[in-house]
Amino acid sequence: MTEAYLEVKDLSAIDTWWRAANYLTVGQIYLMSNPLLREPLGPEHIKPRLLGHWGTSPGLNLLWAHLNRAIVARDLNMMFVTGPGHGGPAIVANTWLEGRYSELYPSVSRDEAGMARLFRQFSFPGGIPSHVAPEVPGSIHEGGELGYSLMHAYGAAMDNPDLVVACVIGDGEAETGPLAASWFGNVFLSPITDGAVLPILHLNGYKIANPTVLARIPDADLMSLLYGYGYRPIEVAGDDPATVHHELAKALDDALDEIATIQRHARSTYDGSRPRWPMIVLRTPKGWTGPGEGTVHAHQVPKLEGPQQLEAWMRSYRPRELFDEHGVPQVDLIPARRMSANPHANGGELLRDLVLPDIEGFGVPKGEASATTVAGRWLRDVIAANPDRFRLFAPDEAESNRLGAVFEVTDRVFTAGAEKSTGQVIEVLSEHLCQGFLEGYLLTGRHGLLTSYEAFIHIVDSMVNQHAKWLKVTRDIPWRRPIASLNYLLSSHVWRQDHNGFSHQDPGFIDHVVNKKAEIVRVYLPPDANTLLSTLDHCLRSRNYLNVIVAGKQPAPSWLTMQEAKLHCRRGIGIWEWAGSDEGSEPDVVLACAGDVPTLETLAAADLLRRHLPELKVRVVNVVDLMRLQPPSEHPHGMPDTQFDAIFTRDRQIVFAYHGYPWLIHRLTYRRTNHANLHVRGYKEEGTTTTPFDMVMLNDLDRFHLVMDVIDRVPGLSVKAAGLRQQMQDARQRARDHTRTTGEDPPEITQWSWMS
Ligand SMILES: Cc1ncc(C[n+]2csc(CCOP(=O)(O)OP(=O)(O)O)c2C)c(N)n1
Ligand SMILES: [Mg+2]
């Protein structure tokens, strides 16, 4: 037995809270009536389908109780991030004890009637989900898909100097790649301008059906590992409640004292170097205080002999001491600043608009420009104008994606080693960390942009799913205010991976995101620099979306003036009359394009057609907002059939040059009148390290092939234009031969410009 650390009254308050929360957790998992056990428990009181997770819950409840003691004592501004989010009933129990749950859901009142609803609704049809889902007050992290707790915690702490984010990490969760990378978070956290994260590694020994790695390796190894990541781990271990209460209270005081000391020092001396932040390692049994304690059988719903066993278990928490005769909980330790009501956990409430510089001042004249370089100048001024609420995240690719102008006004955060710096850019190679930090930052009411290579953003596909699900659910929760959209600027895209090759060529992230709910996703393919500016400006003003923007970084034609670009982006799709030859009449063929490189090839094809087949009426259509292609019933940006038919015609051939995998265009348009005449060229998984024009030829997306497609499809041309078709074939061969002899594309390609 260790020495007593807590005063008797505090020990009792903590233990009461813990027992109350455990009681309410068990009640939610098993009961649908008789919440205060007024009658002997019978089968009729027990849910027919027992769903949920008990094993992690007593540990979460213990931590919540102890953190409340610390919050009361220190008046902390604290958030709770639950890594093992399957412990939903535990967190719901604590928020109900704090009264927050009933404030938001008045029918689940803080009394016996409310307790009955609280129990019944959990994991019940028409009720609430089993995890720490968006419905749960104080949560920014559902924890359904494990691995993202610590990165969310770090993102939340950024630019919130007053905030302490307590983050419980499951020992199973800690085996995931994303969580393993998250320990690095302390390198990207400024002790001066950011808040603190208190990681709590919950070593309950097990995941679902197996022991965990970190619970089984020698204790000294674990301590060395965490020390090596830059933390000072404070261990608390045991299975005797009183002992653990004393030790945990002491450990938390130690950690919170140290956090305060670290911040005082850093903020008074402006020393931004990485301190050795404290963290807690909590080693207590899985399913502590319940059947199957300390075994894998405690993970979900422990199997019981019958109602009597359940009743005995629930009574072991001494409910008569916990609730009065009306079922009102008799707990102290409700802080003035409750974790369940922390405003940062409902970030939209704190969200302030960005100050956005007028894009007019950044536009480029028609000619040639690198779209992302131009965007970088605007982002530089966005960063300068919003020092406390906008961040750029990149897996080491901000410079590579030509956004380097931002470093004229800010720097990268890096607190370790000799060359320390601080600023509004986070560059860490893990795409998971970029995504997770940004999610944490957005969910707590700020704004940001993630720039990545197009191919590798796939690494976070699954995280995108989870964020999209979160957004979808929050739309229907009135008290959850809208948050800033998650914006992707994907560059170094499939067509221009010049230094790299096949491994770096994959435009499929777009396909992935369009699976998500239409009200959440937006995909933009700006064809040039000015349209990219207009698109970014739009996206940074939007709320509750995933905006995916794909844009090139290489010098490329800028087709539209700033004014034209704005109008084009507002429409999302448009006929480029200046590029076509249909002049107000019905076209013979529609050349459509989406994406910068396909737009270039399409215009070059239109140029060839105009020269060689002057009587052919060609219409050129450019798509910036991909969702315009869908019907309005499928997507809010969808275009009515009448408009679609007017642009794409009801019966003429359409040759569509698309940035990504061609099937997506078919998927988006399959219900349209003229779908049978739609022929899409795009990336068909042919790639290597070669010249830009060889890349488009490899995938039959080049101008010559587009002309051949027109000849093959437009009635009457195949015979008449057979000679031109042959010239196009030869042009392809010449271009290929040129690359093989000289290592570069022929001048007729590289020096082509519109109507030159
Ligand atoms: C990424 C991911 N893989 C697998 C699962 C399935 N799963 C749910 S709970 C769990 C075990 C979690 O163990 P741990 O993090 O130690 O939590 P605790 O022991 O506190 O329940 C697993 C594997 C998941 N939710 N997420
Ligand atoms: Mg575990």
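Residues numbered from 1 in each chain as written. Chains lettered and ligands numbered in written order. Predicted model: local features only at pLDDT ≥ 70, side-chain atom pairs only at ≥ 80, totals over all residues. Heavy atoms only, no water.

J.: Please provide a residue-by-residue account of the sheet that holds strand 18 (residues 678-681), values included.
T.: Pairing within the open sheet is mixed, and its five strands lie in the order 14-16-15-17-18. Since the sheet does not close on itself, it has two edges, and those belong to strand 14 (573-575) and strand 18, each with one partner. Strand after strand, the sheet turns through a mean of 20° between neighbouring axes, direction not considered. Where strand 15 (residues 589-594) and strand 16 (residues 618-623) come together, five bridges link them in parallel fashion. If you follow Leu 591 over to strand 16, its bridge partner there is Val 620. (Pairing = 2+ DSSP bridges. Helix = DSSP H or I, 4+ residues; strand = E, 2+ residues; numbered from the N terminus. Axes fitted to C-alpha atoms, helices over the stretch in contact; angles between N-to-C directions.)

J.: Would you mind going over the coordination of the magnesium ion (ligand 2) in detail, with residue names and values included?
T.: The coordination sphere of the magnesium ion (ligand 2), as far as protein atoms go, consists of Asp 171 (OD), Asn 204 (OD1) and Tyr 206 (O), spread over 2.0 to 2.1 Å. Sequence spacing among the residues donating to the magnesium ion (ligand 2) works out to D-x32-N-x1-Y. Owing to a relative accessible area of 6%, Asn 204 belongs among the buried residues under this scheme. (Donors = N, O, S within 2.8 Å, 3.2 Å for Na, K, Ca; no water. Buried < 20%, exposed > 50% of the residue type's maximum accessible area, 1.4 Å probe, protein only.)

J.: I'd like a description of the pairing of strand 5 (residues 277-283), backed by residues and values.
T.: When a strand is regular, its side chains alternate between the sheet's two faces. For strand 5, the buried fraction is high: six of the seven residues fall into the buried class. One ladder, built from three bridges, connects strand 3 (residues 196-202) with strand 5; its direction is parallel. From the neighbouring strand, Ile 200 faces strand 5, where its bridge partner is Ile 280. Looking at chain direction, strand 4 (residues 231-237) and strand 5 are connected through seven bridges and run parallel. In the sheet register, Ile 234 faces strand 5, and the bridge partner there is Ile 280. The handedness of the strand 4 to strand 5 crossover, carried by helix 10 (residues 241-269), is right-handed. (Right-handed = clockwise from strand over helix to strand, strands pointing away.)

J.: Outline the packing of aromatic side chains, listing residues and values.
T.: Within this structure, the stated rule accounts for 26 aromatic pairs. When the ring of Trp 576 is compared with that of Trp 578, the centres are 5.1 Å apart and the planes differ by 25°; the resulting orientation is stacked. Taking relative accessible area as the criterion, Trp 578 reaches 32% and is therefore assigned partly exposed. Judged by centre distance (4.4 Å) and plane angle (25°), the ring pair of Phe 644 and Phe 648 falls under stacked. Note that Phe 644 and Phe 648 are positioned in helix 20 (residues 641-648) at a spacing of four residues, about one turn of the helix. One exposure class covers both Phe 644 and Phe 648, and it is buried. One aromatic cluster is present, formed by Trp 559, Trp 576, Trp 578, Trp 752 and Trp 754 through successive ring pairs. A cation over an aromatic ring shows up here: Lys 366 above the ring of Trp 578, its NZ or CZ 6.0 Å from the ring centre. The ring of Trp 752 carries Arg 703 above its face, with NZ or CZ at 5.5 Å from the centroid. (Phe/Tyr/Trp six-rings, centres within 6.5 Å; stacked < 30°, edge-to-face > 60°. Lys NZ or Arg CZ within 6 Å of the ring centre and 35° of its normal.)

J.: Could you give me a rundown of the site of ligand 1, with the residues and numbers involved?
T.: Taken together, 16 residues form the shell around ligand 1, and within it Thr 56, His 86, Asp 171, Gly 172 and Lys 286 come nearest. At 2.8 Å from a nitrogen atom of ligand 1 is found a main-chain nitrogen or oxygen belonging to Gly 144. Interatomic distance of 2.6 Å between a side-chain N/O atom of Asp 171 and an oxygen atom of ligand 1. Coverage of ligand 1 by the protein chains reaches 74% of its 580 Å² of free accessible surface. (Near = heavy atom within 4 Å. Polar contact = N/O pair within 3.5 Å; in protein donor to acceptor, adjacent residues only side chain to side chain. Areas by Shrake-Rupley, 256 points an atom, 1.4 Å probe, with all protein chains shown as cover.)

J.: Explain the pattern of salt bridges to me, using residue names and the numbers behind them.
T.: Per the counting criterion, the structure on display carries 47 salt bridges. Across the pair Asp 709 and Arg 681 runs a salt bridge whose closest N-O atoms are separated by 2.8 Å. Pair noted here: Asp 709 is in helix 23 (residues 703-713) and Arg 681 is in strand 18, with a separation of 28 residues, a long-range link. Taking the relative accessible area as the measure of exposure, Asp 709 reaches 1% and is therefore buried. Overall, the relative accessible area of 14% leaves Arg 681 in the buried class. Through salt bridges that share partners, Arg 681, Lys 684, Asp 700, Asp 702, Asp 709, Arg 713 and Arg 732 make up one connected network. (Salt bridge = Lys/Arg side-chain N within 4 Å of Asp/Glu carboxyl O.)

J.: For the nonpolar core, give the residues involved together with the corresponding values.
T.: Generally speaking, a soluble globular protein has its nonpolar side chains buried in company with each other. Counting residues in each nonpolar core, the largest one holds 168 residues, and the members touching the most others are Leu 626, Phe 648 and Phe 656. A per-element tally of this core places helix 1 (residues 8-30) first, with 11 residues. Ignoring anything within four residues of it in the chain, the contact list for Phe 656 reads Ala 592, Cys 593, Ala 594, Val 623, Leu 629, Phe 648, Ile 665, Leu 678, His 679, Val 680 and Arg 681. (Core = buried A, V, L, I, M, F, W, Y, C linked by side-chain atoms within 4.5 Å. Contact = heavy atoms within 4.5 Å.)

J.: Break down unusual backbone geometry for me, with residues and values.
T.: Of note, Leu 333 is a non-glycine position whose phi angle comes to about 70°, a positive value. Note on placement: Leu 333 falls in the loop between helix 12 (319-322) and strand 6 (367-370). For Asp 700, which is not a glycine, the phi torsion comes out positive at approximately 60°. Considering the arrangement of structural elements, one finds Asp 700 in the loop between helix 22 (692-698) and helix 23. Overall, the relative accessible area of 15% leaves Asp 700 in the buried class.

J.: I'd like a rundown of the sheet that holds strand 1 (residues 77-82), residues and numbers included.
T.: The strand order across the open sheet built from five strands is 1-2-3-5-4, with neighbouring strands paired in parallel fashion. This sheet does not close on itself; its edge strands, each paired only once, are strand 1 and strand 4. Strand-to-strand twist of the sheet, defined as the mean angle between neighbouring strand axes without regard to direction, takes the value 20°. The strands touched by helix 2 (residues 57-74) are strand 1, strand 2 (163-170), strand 3 and strand 5; relative to strand 1, the strand with the most contacts, the crossing angle is about 175°. Strand contacts of helix 10: strand 1, strand 2, strand 3, strand 4 and strand 5, with the helix running at about 165° to strand 5, the strand carrying the most contacts.

J.: How would you sum up the pairing of strand 17 (residues 653-658)? Please name residues and give values.
T.: Across the six residues that make up strand 17, a large majority, six, are buried. Here strand 17 shows no split at all, with Gln 653, Val 655 and Ala 657 on one side and Ile 654, Phe 656 and Tyr 658 on the other all buried. Bridging between strand 15 and strand 17 involves six bridges; their strand directions are parallel. Among the inter-strand pairings, Cys 593 is bridged to a residue of strand 17, identified as Ala 657. In terms of strand pairing, strand 17 meets strand 18 through four bridges, oriented parallel. The partner of Ile 654 across the bridge, within strand 18, is Leu 678. Following the chain from strand 17 across helix 21 (residues 663-669) to the adjacent parallel strand 18, one finds a crossover that is right-handed.

J.: I'd like a rundown of the packing of helix 1 against helix 2, residues and numbers included.
T.: Taken N-terminus to C-terminus, the directions of helix 1 and helix 2 make an angle of 145°; their axes are 9 Å apart at the nearest point. With respect to the hand of their crossing, helix 1 and helix 2 are arranged in right-handed fashion. In this structure, helix 1 contributes Asp 10, Ile 14, Trp 17, Trp 18, Ala 21, Asn 22 and Thr 25 to the contact, and helix 2 contributes Ser 57, Pro 58, Asn 61, Leu 62, Trp 64, Ala 65, His 66, Asn 68 and Arg 69. For the contact of helix 1 with helix 2, the class distribution of residues is eight nonpolar, six polar and two charged. (Left-handed = near helix turned anticlockwise from the far one by under 90°. Nonpolar A, V, L, I, M, F, W, Y, C, P; charged D, E, K, R; others polar.)

J.: Kindly report on the side chain of Thr 599, identifying the contributing residues and their values.
T.: Tracing the sequence through the fold places Thr 599 in helix 19 (residues 596-612). For Thr 599, a relative accessible area of 0% corresponds to the buried category. A polar contact is formed between the side chain of Thr 599 and the side chain of Asn 622, at a distance of 3.0 Å. Among all residues touching Thr 599, those that are not within four sequence positions of it are Pro 527, Trp 559, Trp 576, Cys 593 and Asn 622.

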